[in-house]
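Structural characterization, general
If you want the building blocks of each chain, they are given just below.
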Amino acid sequence: MTQDLANAKQLAKNVLDLIGKQNIDDAERKMIVEDSVRYWREHVNEGFLQYRKSVSTDYTAVEWQDEGAIFKDINGKEFIDILGGFGIYSVGHRHPKVLKAVREQLDKQSIHSQELIDPLRTYLARLVSLITPGDLKYSFFTNSGTESVEACLKMAMLATGRHHFIGTTGGFHGKSLGSLGGTSKAVFREPFLPLLHWSHVPFGDLQALKTTMECCDFSGDRIAAFVVEPIQGEGGINIAPPGYLKAARELCDKYGAMLVFDEIQCGMGRTGKMFYCEYDGVVPDLMALGKGFGGGVMPIGACVGREATWQKYIENPFLHTTTFGGNPLACAAAIATISVLLEEGLVEQARQKGEYLLPRLNDLAHKYPEVMLSARGVGLMIGMEFVDHEIGYAVAKELFSRHILISGTYINARVLRVEPPLVITHEQLDKFLQALEESIKQVRREIKGEAPLKSAKN
Ligand SMILES: Cc1ncc(COP(=O)(O)O)c(C=O)c1O
């Protein structure tokens, strides 16, 4: 592709016209689908295309509109969103209150000057200190989950003067070079080694954590932080065993390490508490937030810390900065999200809806053991475990053909996750349960040889 500014000028104009249209005609629809697939292939990543629902199903699904727990493809086909953008849509797609806050802020100021005091950042930081457990107090706002983890790592290094981290097998903390160290899969890490100094222990294995900390202390390779998701998301919806987080807190205190909870996926009300660690009554030194924090409207994350973690950073606030992190639009979205979660009782709703769903999912597992093994989770963070990856994938595909969006955990469909918007209605949950049973029955027919299993991709 050679530089062609005249072409760029025309294309940008055409796309802006499309954005401005509330309704498009058939020819435009066709053009958008063809352009999207072509440009994705030519300018984004051909390799990724086959994993997208856009082409891994019998037709090309290009997303176009969304609201509540529903999104529509460009042809107007409606889907119930059981995936919830991997935890982004806590307050639903385009919650009116979040949209209103962002629009009203947009009419005043979008990005801050970088020099004056921006008020929304300070109000949001205050709010975060009010909704997080214990004495978590300071916030550094970011643009993504991985940046939130990066900030936690740096704060832990500053607070301890150490640079050795412990993560867990099955853990996922992002893919930038610091957080990638904690993400546990070799396939993601190996091409980029050496990373920061990380060791990994089996998730939930307290003895392993204790032994590793003891050995590191003995050898002088001391630990800056233990970084853990209280419920592993990408690892397959694995819940920390009872007492694990509390014991981890005690070990960190004993060995002078920071305890970092990555609540990027399980936080912001999803599990029926504002933050999952509240179930165990454990307060971390640092907490990473992202995904649902911006209400599914703006990208924003946070590194939240206790007093002691911030001291060196206060001495020199230039040790960690970002241009766009904490911008007024993103802060407006996060403030509105917190308001919606509290005013609409969505945290409690997540708990109740999870209690409704989980036993019904386990009933299906008992009924169809050749297909589904079990379901586990808390609130609306649930994993359904299937017999193997191929079977899980086949169920996801069947669900998609019944207008339900669901997906596996990272590059594996053995565990499909149920992380819908917390605003999902009981009627929509029932539709999902019905479609799930139909899908499982269809896959069971395939297993019995009555129909061929579709190839595994996602
Ligand atoms: C627990 C957890 N931490 C960190 C991340 C990384 O967030 P992001 O993709 O916004 O960088 C994710 C994303 O899936 C996550 O689930």
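Residues numbered from 1 in each chain as written. Predicted model: local features only at pLDDT ≥ 70, side-chain atom pairs only at ≥ 80, totals over all residues.

**A few points about the overall build of the protein**
The secondary structure content of the protein amounts to 16 helices and 17 strands. For 458 residues, the compact-globule estimate of 2.2 N^0.38 gives 23 Å, and the protein sits close to it at 23 Å. Looking at the protein residue by residue over its 458 residues, the buried ones come to 45%. Restricting the contact set of the protein to residue pairs at least 6 apart, pairs at least 24 apart contribute 74%. (Helix = DSSP H or I, 4+ residues; strand = E, 2+ residues; numbered from the N terminus. Rg over C-alpha atoms; globule rule 2.2 N^0.38 Å. Buried ≥ 20, exposed ≤ 12 C-beta atoms within 10 Å, placed from the backbone. Contact = placed C-beta atoms within 7 Å.)

**A short note on the site of the ligand**
Around the ligand, 15 residues are found, and the nearest of them are G145, T146, G174, I264 and Q265. Classifying every residue of the shell around the ligand gives four nonpolar, eight polar and three charged. (Near = placed C-beta within 6 Å. Nonpolar A, V, L, I, M, F, W, Y, C, P; charged D, E, K, R; others polar.)

**Description of the sheet that holds strand 14 (residues 381-386)**
Spatial ordering of the open sheet is given by 13-14-17-16, a layout of four strands whose pairing is antiparallel. Each edge of the sheet is formed by a strand with only one pairing partner; in this case those strands are strand 13 (372-378) and strand 16 (407-409). Pairwise comparison of adjacent strand axes, ignoring direction, gives a mean angle of 40° for this sheet. Pairing between strand 14 and strand 17 (residues 412-418): four bridges, direction antiparallel. What sits directly across from E385, in strand 17, is V415. Relative to the sheet, helix 15 (residues 389-401) contacts strand 14, strand 16 and strand 17, its axis offset from that of strand 17 by approximately 45°. (Pairing = 2+ DSSP bridges. Axes fitted to C-alpha atoms, helices over the stretch in contact; angles between N-to-C directions.)

**Considerations on the packing of helix 14 (residues 346-367) against helix 16 (residues 426-447)**
The geometry of helix 14 relative to helix 16 is characterised by a closest axis approach of 11 Å and an angle of 15° between their N-to-C directions. Here helix 14 lies roughly parallel to helix 16, going by the angle between them. The two elements helix 14 and helix 16 meet at a crossing, and its hand is right-handed. Contact residues: K353, Y356, L357, R360 and L364 in helix 14; L429, L433, L436, E437 and I440 in helix 16. (Parallel < 35°, antiparallel > 145°, perpendicular 65-115°, else oblique. Left-handed = near helix turned anticlockwise from the far one by under 90°.)

**Here's the deal with the nonpolar core**
One finds A156, A225, F226, V260 and A333 to be the most contacted residues of the largest nonpolar core, which totals 116 residues. For this core, the element with the most residues is helix 13 (residues 328-343), which contributes eleven residues. Looking at which domains feed residues into this core, each of domain 1 (50-81 + 346-447) and domain 2 (97-343) gives three or more. Excluding anything up to four places from it in sequence, V260 contacts C152, A156, A225, F226, V227, P284, D285, L286 and A288. (Core = buried A, V, L, I, M, F, W, Y, C linked by C-beta atoms within 7 Å. Domains from an automatic or database assignment.)

**Side note on the domain arrangement of the protein**
A common way to express how large an interface is: the accessible area buried when the components associate. When its domains are assigned, the protein resolves into domain 1 (50-81 + 346-447) and domain 2 (97-343). At the interface, 19 residues of domain 1 touch 18 residues of domain 2. When residues of the side of domain 1 that touches domain 2 are traced back to their parent elements, those giving at least two are helix 14, strand 13, strand 14 and strand 17. If one sorts the elements of the side of domain 1 that touches domain 2 by residue count, helix 14 sits on top with five residues. Broken down by class, the residue content of the side of domain 1 that touches domain 2 amounts to ten nonpolar, five polar and four charged.

**Quick notes on the packing of helix 5 (residues 96-106) against helix 13**
Packing of helix 5 against helix 13 leaves a shortest axis separation of 8 Å and a crossing angle of 150°. Here helix 13 runs roughly antiparallel to helix 5, going by the angle between their axes. By crossing handedness, the relation of helix 5 to helix 13 is classed as right-handed. Every residue of helix 13 that contacts helix 5 at K97, V98, A101, V102, Q105 and L106 is listed here: P328, L329, A332, A333, I335, A336, T337, S339 and V340.

**Side note on the environment of M213**
Inspection of the secondary structure puts M213 in helix 10 (residues 206-219). Overall, M213 belongs to the buried group, with 23 C-beta atoms counted inside 10 Å. Separated by 29 residues in the primary sequence, M213 and P242 place their C-alpha atoms 20 Å from one another. Setting aside its immediate chain neighbours within four residues, M213 contacts I223, L251 and Y255.

**As for the sheet that holds strand 2 (residues 70-73)**
Sheet architecture is open: four strands sit in the order 1-2-3-15, paired in mixed fashion. Edge positions in the sheet fall to strand 1 (63-67) and strand 15 (404-405), since each has one partner strand and no second. The pairing of strand 2 with strand 3 (residues 78-81) spans three bridges and is antiparallel. The residue of strand 3 that forms the bridge with I70 is I80.

**Some points on helix 15**
Compared with the 18 Å implied by 1.5 Å per residue over 13 residues, the 18 Å span of helix 15 between its first and last C-alpha is a close match. Burial analysis of helix 15 places ten of its 13 residues in the buried class, which makes it a mostly covered element. Regarding helix 15, the residues found buried are I391, G392, Y393, A394, V395, A396, K397, E398, L399 and F400. Following helix 15 by one or two positions, H403 has its phi on the positive side, about 70°. (Expected span 1.5 Å × (residues − 1).)

**Looking at the environment of G354**
Among the secondary structure elements, G354 is positioned in helix 14. G354 sits in the buried class, given 20 other C-beta atoms within 10 Å. If we skip the residues at most four places from it in the chain, G354 touches G272, G377, V378, G379, L380 and I382.

**With respect to the pairing of strand 10 (residues 258-262)**
The two faces of a sheet get side chains in turn, since along a regular strand they alternate between them. Burial of strand 10 is extensive: five of the five residues sit out of reach of the surface. Judged by which residues are buried, strand 10 turns out to be covered on both faces: M258, V260 and D262 on one side and L259 and F261 on the other are all buried. Alignment of strand 7 (residues 223-228) against strand 10, held across four bridges, turns out to be parallel. For F226, the partnering residue across the bridge sits in strand 10 and is L259. The pairing of strand 10 with strand 11 (residues 286-289) spans three bridges and is parallel. Paired with F261 across the two strands is M287, which belongs to strand 11.

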